[in-house]
Amino acid sequence: MTARRPPQIARVIERVSRTARAHGMFSPGDLVLVWVSGGPDSLCLLETLVRVRRLFRIRLAVFHLDHGLRPGSAADAAYVRRRATAHGLPCHVARPATMPSSGESVERWAREERRAAATRVAGEIGAARSALGHTMDDRAETVVLALIRGWGLDGLTGIEPTAGRVVRPLIDVRRTETVAACRSLGLRPRHDPSNTDTTYLRNAIRHDVLPTLTSATGRDVVPTLARTAELLRADAAMLDEIALGLGATVLEREGAGWALRADALSDLAPPIASRVVRHALATAGIEWSRAAIEGIVDLATGRPGRRIELSDGWSARRARTRVLLER
């Protein structure tokens, strides 16, 4: 007789199953690399995917980055290994290739090192998907962060449920639910002290801003912000689809570089024109920025002869009828 699941984990399993189906997160036979820090969110993700792997006919492997920044990091790695071993799963523990330089954001450094190491491991083992433990609360925090930093429509879509090979099965699950699920299974997740340090903006939003908004409005604002992000995601996707279609009529090869038809670009509405330029830069393999996009749109509407510098030795030059992207 199969043991009855605690209701806390059963609710998460039901939500994750629905989310995974809605966003087509898994295909039968996929090897999924699960990013596990040892905290309650990623631990809940691992425990949930272990319980639905037969349903989706997927295989699992575990990834952990031991960043080595504090004494407890080795214990975190050991804990994750034990959980992987308990489920008979391979566990890949990586160390950073570099250390943060003076003045560099440690948070950004850790994020980039984790992504680089996980991408390498995924390639080595042939993982089709990487599963991350972001929750609905993370998505709401990102919306507020985007408002504060002026990231525009794409930033306000928050954390995407899927992005390329990355999937986030917990995106419709609350953080309180992941904690409750772990507790119901008798697990003791690891806790990173930096997650309570409100000198980091995201932590300040998590521990101060969102509770204040909830208190001031008398309602839980997290689901509202997450729902707003989902609605804006649909709008952004539609604009991207329009821009991709128009991009074929604007962008063309020009020797070793690329060219944008200045008249066609300047005739577009600004929100579409900026997306066309962004897709053009991505196609050319040029790192884009808001300044680069605005500069190229400005070249298209201005007089010939002007030039702006882009990244990695690329520049954009306004010729008679086109904006040339050149090395």
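Remember, it's a predicted structure, so these values are computed and weren't measured experimentally. Along each chain, residues carry numbers from 1 onward, in the same order as the chain's sequence is written. Only residues with pLDDT of at least 70 are given local features in this predicted model, and only at 80 or more are side-chain atom pairs given and counted; all residues enter the totals for whole chains, interfaces and linings. The side-chain values count all of the structure's non-hydrogen atoms but skip hydrogen atoms and water molecules.

## Description of the packing of helix α1 (residues 7-22) against helix α2 (residues 40-56)
What counts is decided by this rule: Whenever a helix is involved, its axis is fitted only over the stretch in contact; in every case the axis is a line through C-alpha atoms, and angles between N-to-C directions fall within 0 to 180 degrees. Going along the chain from the N terminus, every DSSP run of H or I of four or more residues is numbered as a helix, and every run of E of two or more is numbered as a strand. When an angle is under 35 degrees it counts as roughly parallel; over 145 it counts as roughly antiparallel; between 65 and 115 it counts as roughly perpendicular; any other value is oblique. By convention, the crossing between two helices is left-handed when the near helix turns anticlockwise from the far helix through less than a right angle, and right-handed when the turn is clockwise. A contact between two residues is defined here by any heavy atoms of the two lying within 4.5 Å. Under the grouping applied here, Gly and all other residues not named as nonpolar or charged are polar, the nonpolar ones being Ala, Val, Leu, Ile, Met, Phe, Trp, Tyr, Cys and Pro and the charged ones Asp, Glu, Lys and Arg.
Where α1 contacts α2, the axes come no closer than 10 Å and their chain directions differ by 60 degrees. The angle between the axes of α1 and α2 places the two elements in the oblique class. Where α1 crosses over α2, the two elements pack in a sense that is right-handed. Residue-level contacts link Ile9, Val12, Ile13, Val16, Ser17, Ala20 and Arg21 of α1 to Cys44, Thr48, Arg51, Val52, Leu55 and Phe56 of α2. For the contact of α1 with α2, the class distribution of residues is 9 nonpolar, 2 polar and 2 charged.

## Things to note about the sheet that holds strand β4 (residues 129-131)
Operational definition: At least two DSSP bridges between two strands are needed for those strands to be called paired.
A sheet is described by the order of its strands in space; here 6 strands give the open sequence β3-β2-β1-β4-β6-β5, paired in mixed fashion. Only two strands of the sheet have a single partner each, and these edge strands are β3 (91-94) and β5 (162-163). Direction of pairing for strand β1 (residues 31-35) relative to β4: parallel, over a ladder of 3 bridges. Residue pairing for β4: Val32 is matched across the bridge by Arg129.

## A short note on a positive patch on the surface
Here is the rule: Patch definition: residues with relative accessible area over 30% and no salt bridge; like charges joined within 9 Å; nonpolar side chains (Val, Leu, Ile, Met, Phe, Trp, Tyr) joined within 5 Å. Working definition of accessibility: Shrake-Rupley area with a 1.4 Å probe, residue cover restricted to the visible protein chains. Salt-bridge detection follows one rule: a side-chain nitrogen of Lys or Arg within 4 Å of a carboxyl oxygen of Asp or Glu. We score Asp and Glu as negative and Lys and Arg as positive, and we do not count His or the chain ends. Here the site of a charge means NZ on Lys, CZ on Arg, CG on Asp, or CD on Glu.
Together, Arg108, Arg111, Arg114, Arg115 and Arg149 line one region of the surface with positive charge. Note that Arg114 resides in helix α4 (residues 106-125).

## A look at a nonpolar patch on the surface
As a reminder of what qualifies: Burial classes follow relative accessibility: with a 1.4 Å probe on protein chains only, a residue under 20% of its type's maximum area counts as buried, one over 50% as exposed, and anything between as partly exposed.
The grouping of Leu69, Met99 and Val106 at the surface amounts to a nonpolar patch, some 250 Å² of accessible area in total. Tracing the backbone through its elements, the reader meets Val106 in helix α4. Assessed through its relative accessible area of 34%, Val106 is described here as partly exposed.

## Concerning the sheet that holds strand β11 (residues 322-326)
Taken in spatial order, the 5 strands line up as β7-β8-β11-β10-β9 in an open sheet, and their pairing is antiparallel. Each end of this open sheet is capped by a strand with a single partner; those strands are β7 (251-254) and β9 (307-309). Taking each pair of neighbouring strands and ignoring which way they run, the sheet shows an average axis angle of 25 degrees. Inspection of the sheet shows β9 paired to strand β10 (residues 315-318) by 3 bridges, in the antiparallel sense. For Ile308, the partnering residue across the bridge sits in β10 and is Ala316. Contacts from helix α11 (residues 270-284) reach β7, β8 (257-261) and β11 within the one sheet, and its direction differs from that of β8 by about 165 degrees.

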